[in-house]
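Listed below are the residues making up each chain.
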Amino acid sequence: MAGSSRTGGTLLLAGAHPRRRSSAEAGGWKRAWEKEKGGRPAGEAAPPDARGEEREGIGEQLRARRLGGLGEDQEVSYGLNWAIAARGVVVKDKVFYNLEPAELQKDGYAERLSGIPLHVKGNVIGGFPDVSGSQFAKLLKQVTFHLSSISSLYVQDGAIGSSAAAEFDVKVRVISDNPSAIMSLSNVLQKVPDRAISHDTCPLTIYVASSISTNVRIALGSGTQYANGVAAADIERSSLILCGKAFSDSSMLKDALTALAAPISSARGGLPVPGWLLYSGGAATLLFAPVEVIKSCSEIQAALLSTDSGVIISSKQSSVLFPRKSRAPTLFTKPATVIVVSSDSTDALPVVSKLSPGQAAYHFLAGYQDGKFVPSYNTAPSPFDPLAVANSLFLHLKQHNTPTYLINAKSSGKQIDGKDFMKLIALAQSNDIPHSSKPEDTRVAELKGKYRSFLSGKFGKYLPGEFSF
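All of the points below concern the structure found in this document.

Calculation criteria
Residues numbered from 1 in each chain as written. Predicted model: local features only at pLDDT ≥ 70, side-chain atom pairs only at ≥ 80, totals over all residues. Heavy atoms only, no water. Helix = DSSP H or I, 4+ residues; strand = E, 2+ residues; numbered from the N terminus. Buried < 20%, exposed > 50% of the residue type's maximum accessible area, 1.4 Å probe, protein only. Contact = heavy atoms within 4.5 Å. Phe/Tyr/Trp six-rings, centres within 6.5 Å; stacked < 30°, edge-to-face > 60°. Pairing = 2+ DSSP bridges. Axes fitted to C-alpha atoms, helices over the stretch in contact; angles between N-to-C directions. 1 Å grid on protein atoms, 1.4 Å probe; cavity = no way out; pocket = protein on both sides within 12 Å on 5 of 7 lines; lining within 4 Å. Points joined across faces, edges and corners; volume = space filled by probe spheres on them. Nonpolar A, V, L, I, M, F, W, Y, C, P; charged D, E, K, R; others polar. Core = buried A, V, L, I, M, F, W, Y, C linked by side-chain atoms within 4.5 Å. Salt bridge = Lys/Arg side-chain N within 4 Å of Asp/Glu carboxyl O.

**Focus on the overall build of the chain**
Then comes step 1: Each helix and strand in the chain was counted, giving 15 helices and 23 strands.
Then comes step 2: In the chain, which comprises 469 residues, the share counted as buried stands at 52%.
Then comes step 3: Long-range contacts, defined here as pairs at least 24 residues apart, represent 74% of the contacts in the chain between residues at least 6 apart.

**As for the packing of aromatic side chains**
Working definition: an aromatic ring pair is given by the centre-to-centre distance plus the angle between the planes.
Then comes step 1: This structure, assessed with the given rule, holds twelve aromatic pairs.
Then comes step 2: With a centroid separation of 4.6 Å and 45° between ring planes, the pair formed by tyrosine 279 and phenylalanine 332 is classed as tilted. Pair noted here: tyrosine 279 is in strand β12 (residues 276–280) and phenylalanine 332 is in strand β16 (residues 332–333), with a separation of 53 residues, a long-range link.
Then comes step 3: Tyrosine 279 gets classed as partly exposed once you look at its relative accessible area, which sits at 36%.
Then comes step 4: Ring centres of tyrosine 451 and phenylalanine 469 lie 4.9 Å apart, and the angle between their planes is 85°; on these two criteria the pair is classed as edge-to-face. Taken together, the positions of tyrosine 451 in helix α15 (residues 442–459) and phenylalanine 469 in the segment after α15 put the pair 18 residues apart, joining distant regions of the chain.
Then comes step 5: Exposure remark for tyrosine 451: the relative accessible area of 0% places this residue in the buried category.

**Section: the sheet that holds strand β18 (residues 352–355)**
Then comes step 1: Strands sit in the order β12-β13-β17-β21-β18 across an open sheet of five strands; the sheet is mixed. Two strands in the sheet have a free side with no partner beyond their single neighbour: β12 and β18. Between one strand and the next, the sheet's axes are offset by a mean angle of 25°, whatever the strand orientation.
Then comes step 2: Where strand β17 (residues 337–342) and strand β21 (residues 404–408) come together, five bridges link them in parallel fashion. For valine 340, the partnering residue across the bridge sits in β21 and is leucine 406.
Then comes step 3: Across the sheet, helix α12 (residues 357–366) touches β13 (283–288), β17, β18 and β21, and the angle it forms with β18 is around 120°.
Then comes step 4: This element, helix α14 (residues 418–429), spans β12, β13, β17, β18 and β21 of the sheet and lies at about 140° to β17.

**Concerning unusual backbone geometry**
Then comes step 1: Despite not being glycine, asparagine 98 has its phi angle at roughly 50°, a positive value.
Then comes step 2: When you line up the elements, asparagine 98 lands in the loop between β3 (94–97) and α5 (101–104).
Then comes step 3: In this structure asparagine 98 comes out as buried when scored by relative accessible area, which is 7%.
Then comes step 4: Of note in this structure, asparagine 431 is not a glycine but carries a positive phi near 55°.
Then comes step 5: Structurally, asparagine 431 can be placed in the loop between α14 and α15.

**Considering the sheet that holds strand β11 (residues 271–273)**
Then comes step 1: The four strands are arranged β11-β14-β15-β16 in an open sheet whose pairing can be described as antiparallel. The strands lining the two open edges of the sheet, one partner per strand, are β11 and β16.

**Description of the layout of surface pockets**
Then comes step 1: Taken as a whole, the largest pocket spans an internal volume of roughly 910 Å³.
Then comes step 2: Around the largest pocket, the lining is made up of 41 residues, and of these Asp255, Val291, Ser309, Thr379 and Ala380 lie nearest the centre.
Then comes step 3: The element contributing the most residues to the lining of the largest pocket is helix α9 (residues 250–267), with seven residues.
Then comes step 4: Class assignment of the residues belonging to the lining of the largest pocket gives a composition of 23 nonpolar, twelve polar and six charged.

**Some details on the nonpolar core**
Then comes step 1: By size, the foremost hydrophobic cluster in this structure holds 41 residues, and its most contacted members are Ile160, Ile206, Leu240, Leu242 and Leu257.
Then comes step 2: Listed by contribution, the elements that provide at least two residues to this core are β4 (118–121), β5 (152–161), β6 (169–176), α7 (179–186), β8 (204–209), β9 (229–234), β10 (239–244) and α9.
Then comes step 3: No other element matches the eight residues that α9 contributes to this core.
Then comes step 4: When residues no more than four places from it in sequence are discounted, the contact partners of leucine 257 are Ile160, Val188, Leu189, Leu204, Ile206, Leu240 and Phe322.

**Details of the pattern of salt bridges**
Then comes step 1: Under the criterion given, the structure shown has ten salt bridges.
Then comes step 2: Lysine 94 is the salt-bridge partner of aspartate 93, the closest N and O atoms lying 3.3 Å from each other.
Then comes step 3: Of the residues examined, lysine 94 reaches a relative accessible area of 23% and is grouped as partly exposed.
Then comes step 4: Between glutamate 236 and lysine 121 there is a salt bridge, with the nearest N and O atoms lying 3.5 Å from each other. One end of the pair, glutamate 236, is in the loop between β9 and β10; the other, lysine 121, is in strand β4, with 115 residues separating them in the sequence.
Then comes step 5: The exposure class of glutamate 236 is exposed, given its relative accessible area of 59%.
Then comes step 6: A relative accessible area of 21% places lysine 121 in the partly exposed class.

What follows is the structure, given as structure tokens:
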């Protein structure tokens, strides 16, 4: 079979087994496949890992296929097909690889949805339904069988974060039965060069099965009615499954991808935190704030590098996970200033005040929002406990002596407007605010008691002694 090139993308037919090669060539192909499977040397026994079940039967299915000649495009097809097979999907006929937006638009746009249920294995934040390892494996088996049975597959590679440094770039491969899903996901992921994913040791995989739904409820063991679709993520497997129209819910997608990317970024030396970045005057400012405050202030939104929560910081650099499409993904210096925003209508918190690293970590961990607490300001799934994130932030601020400030988003019981809020941020960025605290009146004492009661009740003896109000 002859492969054919497409403008901006490639149509690849089912790859052939290679022609008879020298032992060196054959070893190269074998090593490439072993790298895709996890990098184990030949002859080493495979440990019991999360992908064991999805690989069962792949060799038999591939050997059962009668494959044709091998041209240049088909050499690409051969390598791609094996890479996809390592993820449990066997190419039946055609693969459309890394199509350009103009090509994807021919199939129209998918409607935008919200509220698609997301099941997560490995999440430690409450509020999301769990999925067991066996349930995820069962669903994955159904999805990969479906993808292996259709004649046209769509494969798209992308990334989360900036591609300027390894610790801020998590590669993603999408295997889909639907070009509209590829279009939707292309609006979330950053573009990467062809074959870039083959050089990444920990890529994420997204499986899209838009045309199966009947057995999803059985696989997940839930009585929930999935009218438009369902998503399931397994953080250990670095895998996300999207069934039905789940690919159309961009908010859910970003929550899932943020959780999946977190352990990879952390292993590479980055600290993933649920915040926002502002960049002005050649310096980056890290902002932690209630989502409601960000959404209600157009002036802040205009100044952000991304309107989506999700930042990675390290000892030298910082980046956002989902930069605006109008702005190329860029690495910035580590934050020169950190601002923690709380909301307190009683005025027990000052309008703006300077914090020590321990105070910053304490207020960050509390995530106080006018009567309620949202630990580490995070309502999305995460593999990391909020206390662990707060402790890592504390160590980062202490090590780099980063100026940190607290802003109260309310004054006299009213929300501060956008212009005044930006003035407070500019004041904090000037680093010209001395350490100060409000007199210990009854309002301050009462708020301190609320903090203490909540944090002690939730984290108990594990709360570090350096953390303070």
